[in-house]
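Architecture at a glance
Each chain is listed here by its residues.
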Amino acid sequence: MTRPEMLDRSVTRTWLCLAAMVLFFTAPGALFPDIRIRPRIYAGGGYGRTLNARTPAFAVEDAADRNFVEANMSSLKRNFIRGQMRLDLVHAGAFSAGVLFWGHYNEISSDFPEYWLKPDKWYPASDHAALHAATVQWKPAFAASRRVAPFLLAGAGGYYGNVTSVRYLPADSTGFYYYGSRRQTASDAGRAVLTGIGVVAFRYAYFYAGAVHLFDAALPARTFFDVIVGVTF
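Predicted, not measured: the structure shown is a model, and the values here were computed from it.

Comments concerning the overall build of the chain
- A count of helical and extended segments in the chain gives two helices and eight strands.
- Shown N-terminal to C-terminal, the secondary structure of the chain runs as helices and strands in the order α-β-α-β-β-β-β-β-β-β.
- When contacts within the chain are restricted to residue pairs at least 6 apart in sequence, long-range pairs at least 24 apart make up 69% of them.
- For the chain, the computed accessible surface area is about 12,600 Å², with 62% contributed by carbon and sulfur atoms.

Shown next as structure tokens:
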């Protein structure tokens, strides 16, 4: 099975899971008496940290390659600016069901090329992952007040990601200018889960802290922790 087919199947599973939750909440005789279909958006950004990053594969053959590693790969980047968007669709009592979108992108630096650049050698360039998940949120009424309403969030879905590398080719005959040519060196698609806790304050602002885990990932990182601040309406 190709990666695009895996992605299509994971997206389909996510939306089927969401549809099943919507049917459960809205079916006649459901356990939830107070059912409302009302879109509510949660959109925010903040801090993300990779919990289990590993160094991209790179063959060190000479002193120039060692210079590249020391200049650009000597320390793993673990901290990122993160964005998150969630759409709640069905509300039933203290519960709601929706869908969440999340993404991760890491760019490998290419500082001090004068000490390591070799034409036609492939260097690590970037890795990314995109997640879509069906979610269930619980807002316990006993813990809420007029100003704040805490919530718990859980979800499951699918992700797709890839790893790229770059080589630098001369842009003219002088040898002083180069351009980068990228290729995909690895890709992965599969299942993912997420969980977190948050609070809605003054009805339109929210704070969220949670984790995302990608199963069977061939990517350089597969577990992430995020702290998000945003608006909801």
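Concerning the nonpolar core
- With 23 residues, the main nonpolar core has Leu-131, Leu-194, Tyr-206, Tyr-208, Val-212, Leu-214 and Leu-219 as its most contacted residues.
- With residues up to four places along the chain from it excluded, the contact list for Leu-131 reads Leu-100, Phe-101, Trp-102, Gly-158, Tyr-159, Ala-192, Leu-194 and Val-212.
- Membership of the second largest hydrophobic core comes to nine residues, among which are Phe-58, Ile-108, Trp-116 and Tyr-168.

Some remarks on the pattern of salt bridges
- One pass over the full model with this rule turns up eight salt bridges.
- Between Glu-61 and Lys-121 there is a salt bridge, with its nearest N and O atoms 3.5 Å apart. Taken together, the residues Glu-61 in the loop between strand E1 (35–50) and helix H2 (63–73) and Lys-121 in the loop between strand E3 (95–107) and strand E4 (123–138) connect sequence positions 60 residues apart.
- When its relative accessible area of 58% is taken as the criterion, Glu-61 is described as exposed.
- On the basis of relative accessible area, Lys-121 is assigned to the buried category, the value being 13%.

Here we look at the side chain of Arg-40
- Assignment of secondary structure puts Arg-40 in strand E1.
- With no salt bridge to any partner, buried Arg-40 finds its closest opposite charge in Asp-88, at an N-O distance of 6.5 Å.
- Separated by 3.0 Å, the side chains of Arg-40 and Thr-232 make a polar contact.
- Apart from residues no more than four positions distant in its own chain, Arg-40 is found in contact with Arg-86, Leu-87, Asp-88, His-91, Arg-203, Thr-232 and Phe-233.

Regarding the sheet that holds strand E7 (residues 205–214)
- Around the barrel, which closes on itself, the eight strands sit in the order E1-E2-E3-E4-E5-E6-E7-E8 with antiparallel pairing between neighbours. Within this sheet the neighbouring strands show an average axis-to-axis angle of 25 degrees, counted without direction.
- Relative to E4, E3 runs antiparallel, the two sharing 13 bridges. Within E4, the residue paired with Phe-101 across the bridge is His-132.

Thoughts on the pairing of strand E2 (residues 79–92)
- Pairing between E1 and E2: 13 bridges, direction antiparallel. Bridging across to E2, Arg-40 finds its partner in Asp-88.
- Pairing analysis gives eight bridges linking E2 to E3, with the strands arranged antiparallel. Each bridged residue has a counterpart across the sheet, and for Asp-88 the counterpart in E3 is Gly-98.
- The antiparallel hairpin formed by E2 and E3 contains two residues in its connecting segment, where Gly-93 sits at a positive phi of about 65 degrees.

Here we look at the pairing of E7
- Note that strand E6 (residues 178–201) and E7 share ten bridges and pair antiparallel. Considered in E7, the bridge of Ala-192 is made with Leu-214.
- Here E6 hands over to E7 after three residues, with Phe-202 in that stretch at a positive phi of 55 degrees.
- Sheet analysis places E7 next to strand E8 (residues 223–232), joined by nine bridges and oriented antiparallel. The residue bridging Gly-210 from the neighbouring strand is Asp-226, located in E8.

As for H2
- Those residues of H2 that sit buried are Ala-64, Asp-65, Phe-68, Asn-72 and Met-73. Here the buried residues of H2 occupy an arc of 115 degrees about the axis, which is enough to place them on one side.
- Where H2 is buried, its residues contact E4.
- The opening residue of H2, the one whose side-chain oxygen lies 3.2 Å from the backbone nitrogen of Ala-64, is Asp-62.

Criteria and thresholds
Residues numbered from 1 in each chain as written. Predicted model: local features only at pLDDT ≥ 70, side-chain atom pairs only at ≥ 80, totals over all residues. Heavy atoms only, no water. Helix = DSSP H or I, 4+ residues; strand = E, 2+ residues; numbered from the N terminus. Contact = heavy atoms within 4.5 Å. Areas by Shrake-Rupley, 256 points an atom, 1.4 Å probe, with all protein chains shown as cover. Core = buried A, V, L, I, M, F, W, Y, C linked by side-chain atoms within 4.5 Å. Buried < 20%, exposed > 50% of the residue type's maximum accessible area, 1.4 Å probe, protein only. Salt bridge = Lys/Arg side-chain N within 4 Å of Asp/Glu carboxyl O. Lys, Arg positive; Asp, Glu negative; His and termini not counted. Polar contact = N/O pair within 3.5 Å; in protein donor to acceptor, adjacent residues only side chain to side chain. Pairing = 2+ DSSP bridges. Axes fitted to C-alpha atoms, helices over the stretch in contact; angles between N-to-C directions. Arc of directions from axis to C-beta.

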